[in-house]
Amino acid sequence: MKPQETSLNTPLKNGSKHTEEIDVIGDNHIGTSSETPMRPGAFDQDDDLKIELIEKHFREIMHILGLDLTDDSLRGTPHRVAKMYIKEIFSGLNPANMPDIKLFDNKYGYNEMLIEKDITFYSNCEHHFVPIIGKAHVAYISNGKVIGLSKINRLVQYFAKRPQVQERLTMQVAESLKEILGTEDVAVVMDAKHLCVASRGIEDDTSSTTTSQFCGKFKEHATKSEFLNHIYQSK
Ligand SMILES: [Zn+2]
């Protein structure tokens, strides 16, 4: 679906009904699509310009909050935040930062399940822009091609470095891996803690969220069980 043309200056509708809708979507963490919603021309501006613009706007936010931007500790914060957004925590929005993943022939003829578990990731909730911290467990059965183990980690990190909902993050890693490996036999499970649930709103520090995407052979009970037993056996 083609993204709608949006404007930065599109005002939010006033009225309690709209405010309520915003709260409902945020507090229930409802995503609207499996693709990250991007505007047309998202990368027409280069990183340096984006950093400059975000810095300006973040300085304004801090000013509105009442902070003294002449304070030595705060002076550099708008620039630090802008640079961190573009170069680090939201760098996965830019397709140019997609990890370069080379395929190798499956020379060993290893045709069993390969599992990479407990991959730590840091993402951010797209509804509140606060961290999601979790572990990803990824598995595939080779269809003749394999990838380096660290590349699975890199792929998870790439999609995590976007404003996200956990369901979409899980699906994006699975879909991408299926495409790279040329097989449907891929599974992804993610366990994560959402700081927007832990530190605000319901303020529940102990709950966590699990999402999964089982494709191809992983839809079969025996294969799915083998995978789940491996990732949860020691817990
Ligand atoms: Zn949230």
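Computed from a prediction, not measured in an experiment: that's the story for all the values here.

Trainee: Can you walk me through the overall build of the protein chain in this structure?
Mentor: Of regular secondary structure, the protein chain possesses 8 helices and 7 strands. Looking at the 235 residues of the protein chain, the share that counts as buried comes to 23%. Here the analysis covers contacts within the protein chain between residues at least 6 apart in sequence; of these, 70% occur between residues at least 24 apart.

Trainee: Sorry if this is basic, but what is going on with the environment of Asp105 here?
Mentor: Turning to its location among the elements, Asp105 is positioned in strand β1 (residues 103-105). Distance in space between the C-alpha atoms of Asp105 and Val146 is 6.2 Å, their sequence separation being 41 residues.

Trainee: Help me understand the nonpolar core, please; the structure alone is not making it clear to me.
Mentor: Among soluble globular proteins, nonpolar side chains are generally buried collectively. Among the nonpolar cores identified, the biggest contains 30 residues, and Ala136, Val138, Val156, Val173, Leu177, Val186 and Val188 are the most heavily contacted of them. When residues of this core are traced back to their parent elements, those giving at least two are β2 (113-125), β3 (131-141), α5 (149-160), α6 (166-181), β6 (186-194) and α8 (221-232). Look past the residues within four positions of Val173 in its chain and what remains in contact with it is Ala136, Val138, Leu155, Val156, Phe159 and Val188.

Trainee: Which parts of the structure should I look at to understand the environment of Gln172?
Mentor: Inspection of the secondary structure assignment puts Gln172 in helix α6. Gln172 sits in the buried class, given 23 other C-beta atoms within 10 Å. Between the C-alpha atom of Gln172 and that of Arg80, which follows or precedes it by 92 residues, the distance is 29 Å.

Trainee: Would you mind going over the sheet that holds strand β7 (residues 209-214) with me for this structure?
Mentor: The strands that make up a sheet pair up through hydrogen bonds in the backbone, lying either parallel or antiparallel. Spatially, 5 strands are ordered β5-β2-β3-β6-β7 in an open sheet, and the strand pairing comes out mixed. A single partner strand is all that each edge strand has here, and the edge strands are β5 (163-164) and β7. Looking at chain direction, β3 and β6 are connected through 9 bridges and run antiparallel. By the bridge assignment for β6, Ile132 is matched with His194. In this fold α5 packs onto β2, β3 and β5, with an angle of close to 25 degrees to the strand it touches most, β2.

Trainee: Please explain the domain arrangement of the protein chain as it appears in this structure.
Mentor: Size of an interface, as often reported, equals the accessible area lost when the parts are brought together. Along its sequence, the protein chain is carved into domain 1 (16-97) and domain 2 (103-232). If you average the C-alpha positions of domain 1 and of domain 2, the two centres end up 25 Å apart. The element contributing the most residues to the side of domain 1 that touches domain 2 is helix α1 (residues 16-27), with 3 residues. Of the residues in the side of domain 1 that touches domain 2, the class split is 4 nonpolar, 8 polar and 1 charged.

Trainee: What is the right way to look at the pairing of β2 in this model?
Mentor: For a regular strand, side-chain orientation follows a simple rule: the groups alternate between the two sheet faces. Alignment of β2 against β3, held across 10 bridges, turns out to be antiparallel. When the bridges of β3 are listed, Met113 appears paired with Ile141. Here β2 folds back onto β3 in antiparallel fashion, the turn holding 5 residues, of which Phe129 has a positive phi close to 55 degrees. As paired elements, β2 and β5 share 2 bridges and run parallel to each other. The residue bridging Cys125 from the neighbouring strand is Gln164, located in β5.

Trainee: Teacher, can you tell me more about the confidence of the model for the protein chain here?
Mentor: Low pLDDT means the predicted coordinates in that region are not meant to be read closely. A residue-level look at the protein chain finds 91% of positions with pLDDT of 70 or above and a mean pLDDT of 90. Across residues 1-5, confidence stays below pLDDT 50; counting only partners more than four residues off in sequence or on other chains, it has 5 contacts.

Trainee: Where do I start with the environment of Glu184 in this structure?
Mentor: Its location among the elements puts Glu184 in the loop between α6 and β6. You can call Glu184 partly exposed: it has 15 C-beta atoms within 10 Å. Note: C-alpha distance between Glu184 and Arg75 (109 residues apart in sequence) is 50 Å.

What counts, and at which threshold
- Residues numbered from 1 in each chain as written.
- Predicted model: local features only at pLDDT ≥ 70, side-chain atom pairs only at ≥ 80, totals over all residues.
- Helix = DSSP H or I, 4+ residues; strand = E, 2+ residues; numbered from the N terminus.
- Buried ≥ 20, exposed ≤ 12 C-beta atoms within 10 Å, placed from the backbone.
- Contact = placed C-beta atoms within 7 Å.
- Core = buried A, V, L, I, M, F, W, Y, C linked by C-beta atoms within 7 Å.
- Pairing = 2+ DSSP bridges.
- Axes fitted to C-alpha atoms, helices over the stretch in contact; angles between N-to-C directions.
- Domains from an automatic or database assignment.
- Nonpolar A, V, L, I, M, F, W, Y, C, P; charged D, E, K, R; others polar.
- pLDDT = per-residue confidence, 0-100.

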